[in-house]
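Observations on chain architecture
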Amino acid sequence: MVLLHNEKEDALVQPITTTQPGAPVMTQATDSRDTASVVLRTHGLRKQYGRVTAVQDVSITVQHGDVFGFLGPNGSGKTTTVAMILSLIEPTAGSVELFGQTTREGRYRALHRVGSIIESPAFYPFLSGRDNLRVVARLRGVPMVRVVEVLDQVFLSDRADRKYSAYSLGMKQRLAIGAALLNDPELLMLDEPTNGLDPEGMVEVRNLTLHLASLGKTIFLCSHLLAEVQQVCTRVAFINRGVIVKQGTTEDLLRTDNTHYLEVDDLPRAMDFLRRSPYITEVRPEGRGLQITCTGECAANVAAALIGGGFRLSRLQPIETSLESIYLELVGADAQQPGMPAGPIGRS
C-alpha cells in the first residue's frame, strides 16, 4: 500500500486518540534525548481487536537523521504499529507525536512530510511504471520532473516504460519506494522494502537507504533481513508479541565484552588455570571448549599462558555479536516460524 495524502482525504481520516478514560496505563521507559530533533514519538501505544491485543505499550522515539530499524517476527505488531503512526487505524490507547504535532489537525498536516510503503504496493497493472508514478505525482501535486529523478533513484530508468503487470516483485517494490519518494519526504517509512529482491536489488536498496540518510532524511525501516538492517540502521527496536523487548543504538546493542571461545585439552584443569589469571574475569564451559571474558586485548596473553602451562591449544577466536544473535535470543521460537502468527496476536 502506497499512502497518498491530500487535504480532502485527510479530513476523513479517524484521529489518533489518547488513553481512554478508565483504561489501564502501561508504563515503559521513555527516551530522554533532545526533544528539539524528535521526528516521531509514540507513548504507550496499544491496539486491541476484541479480546486480542495486537500491540501493547509501544513507546519509541525517532530523531532527525535516524535510520530506525523496527524488527520482529511475523505477527509481532510491526505493521499495526506503523498503521497507527500513520492514522490508518485508531489505537485503543496511547499517543503519537509527529514532527512535534500531537493534535488531530497538526498530525494530518505533518503527514505531508512523510512518505511510506505499508504492506504490498498497489498500482494500475495496465500502465507503465513511469505512467503510474505520473498518476501519483499528479494526485500529490508534485512536479513531473520528480518522476524522472525517482526512477533513477530506484534504478528503474531502463524499465520505466514497461507495463507494471510485467514487473517482477522486486521491481514493483522499487517502484513503490519511488512513489514514496515523490514528495521528497523528510520521514520515509518502509515496511519490508527489500521483499522479493535478489541480492543485487538488496544492495541497491541498501545503498539508496544510506544515500537518503546522508541527505538528512529520517528513515523508519521494518525488516526481517537483520544483516541488511545492521549495515544501515543507527537505532533498532525489537518487538515480539506486540511488546518492545529491547531497543537502543545499533552501536550499543552490538557492543560486547572482550569475549573469546577456545578449545584446549584437559578442560577442567584449563578452567582452574585460567580462573587464576589476573586479566580473565569469567570462564565457563561452552560446547566442546571454554568461553572466557577478559580485560583488554587478551588473546595473545591467553594463548601464551596456556601454551606455557603445557596445554595444547587447538582453537582461539573472538566471539562477535550481531543483530541476528540478539534477535534470536529475544524472540526465541517465534523467529523459527515466519509463516505463523506469534502467539495470540496474529497480526504483523
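Note: the structure precedes this text.
Before going into details, it helps to say that this report is about the structure given with it. (Residues numbered from 1 in each chain as written. Predicted model: local features only at pLDDT ≥ 70, side-chain atom pairs only at ≥ 80, totals over all residues. Heavy atoms only, no water.)

A few words on the sheet that holds strand E13 (residues 313-318). Taken together, four strands build an open sheet; the order of strands is E11-E12-E10-E13 and the sheet is antiparallel. The sheet is open, and its two edges are formed by strand E11 (280-286) and E13, each paired on a single side. For this sheet, the mean inter-axis angle between neighbouring strands, taken without regard to orientation, is 20°. Pairing analysis gives five bridges linking strand E10 (residues 259-264) to E13, with the strands arranged antiparallel. The residue bridging Tyr 261 from the neighbouring strand is Gln 317, located in E13. (Pairing = 2+ DSSP bridges. Helix = DSSP H or I, 4+ residues; strand = E, 2+ residues; numbered from the N terminus. Axes fitted to C-alpha atoms, helices over the stretch in contact; angles between N-to-C directions.)

Glancing now at the pattern of salt bridges. Counting across every chain of the model gives 13 salt bridges. Residue Asp 158 is joined to Arg 159 by a salt bridge in which the shortest nitrogen-to-oxygen separation is 3.9 Å. Exposure remark for Asp 158: the relative accessible area of 64% places this residue in the exposed category. Classification of Arg 159 by relative accessible area gives partly exposed; the value is 32%. (Salt bridge = Lys/Arg side-chain N within 4 Å of Asp/Glu carboxyl O. Buried < 20%, exposed > 50% of the residue type's maximum accessible area, 1.4 Å probe, protein only.)

Let us now look at helix H2 (residues 78-85). Taking burial as the measure, the eight residues of H2 include eight buried ones, the bulk of the element. All of the buried residues in H2 are Lys 78, Thr 79, Thr 80, Thr 81, Val 82, Ala 83, Met 84 and Ile 85. Positive backbone phi, approximately 65°, marks Ser 87, located one or two places after H2.

Take the nonpolar core next. The tendency in soluble globular proteins is for nonpolar side chains to be buried side by side. Within the largest apolar cluster, 43 residues are counted, with the highest numbers of intra-cluster contacts made by Leu 133, Leu 175, Val 236 and Phe 238. The residues contacting Phe 238, other than those within four sequence positions of it, are Leu 71, Val 243, Ile 244, Val 245, Lys 246, Leu 253, Leu 323, Ile 326, Tyr 327 and Leu 330. Counting 28 residues, the second largest nonpolar core, distinct from the first, contains Leu 45, Val 55, Val 62 and Ile 118. (Core = buried A, V, L, I, M, F, W, Y, C linked by side-chain atoms within 4.5 Å. Contact = heavy atoms within 4.5 Å.)

Another aspect to go through is the packing of helix H5 (residues 145-153) against helix H6 (residues 169-181). A pair of packed helices is characterised by two quantities: the angle between their axes and the separation of those axes. Contact geometry for H5 and H6: axes closest at 9 Å, N-to-C directions at 135°. As summarised for this structure, H5 and H6 are arranged oblique, according to the angle between their axes. Of the two possible hands of crossing, H5 and H6 adopt the one that is right-handed. Contacts from Arg 146, Val 150, Leu 151 and Gln 153 in H5 reach Leu 175, Gly 178 and Leu 181 in H6. Residues belonging to the contact of H5 with H6 are distributed by class as follows: four nonpolar, two polar and one charged. (Parallel < 35°, antiparallel > 145°, perpendicular 65-115°, else oblique. Left-handed = near helix turned anticlockwise from the far one by under 90°. Nonpolar A, V, L, I, M, F, W, Y, C, P; charged D, E, K, R; others polar.)

Under the defined criterion, the tally for this structure stands at one cavity of 30 Å³ or more. Taken as a whole, the largest cavity encloses approximately 90 Å³ of empty space. Surrounding the largest cavity, Pro 193, Thr 194, Val 205, Arg 206, Thr 209, Leu 221, Ser 223, Leu 225, Glu 228, Val 229 and Val 232 form its lining. Elements represented by at least two residues in the lining of the largest cavity include exactly helix H7 (199-214) and helix H8 (226-232). Classifying every residue of the lining of the largest cavity by side-chain character gives six nonpolar, three polar and two charged. (1 Å grid on protein atoms, 1.4 Å probe; cavity = no way out; pocket = protein on both sides within 12 Å on 5 of 7 lines; lining within 4 Å. Points joined across faces, edges and corners; volume = space filled by probe spheres on them.)

Even without being a glycine, Phe 155 presents a positive backbone phi close to 60°. Inspection of the secondary structure assignment puts Phe 155 in the loop between H5 and H6. Of note, the phi angle at Asp 266 is positive, near 55°, even though the residue is not glycine. Position of Asp 266 relative to the elements: it lies in the loop between E10 and helix H10 (267-275).

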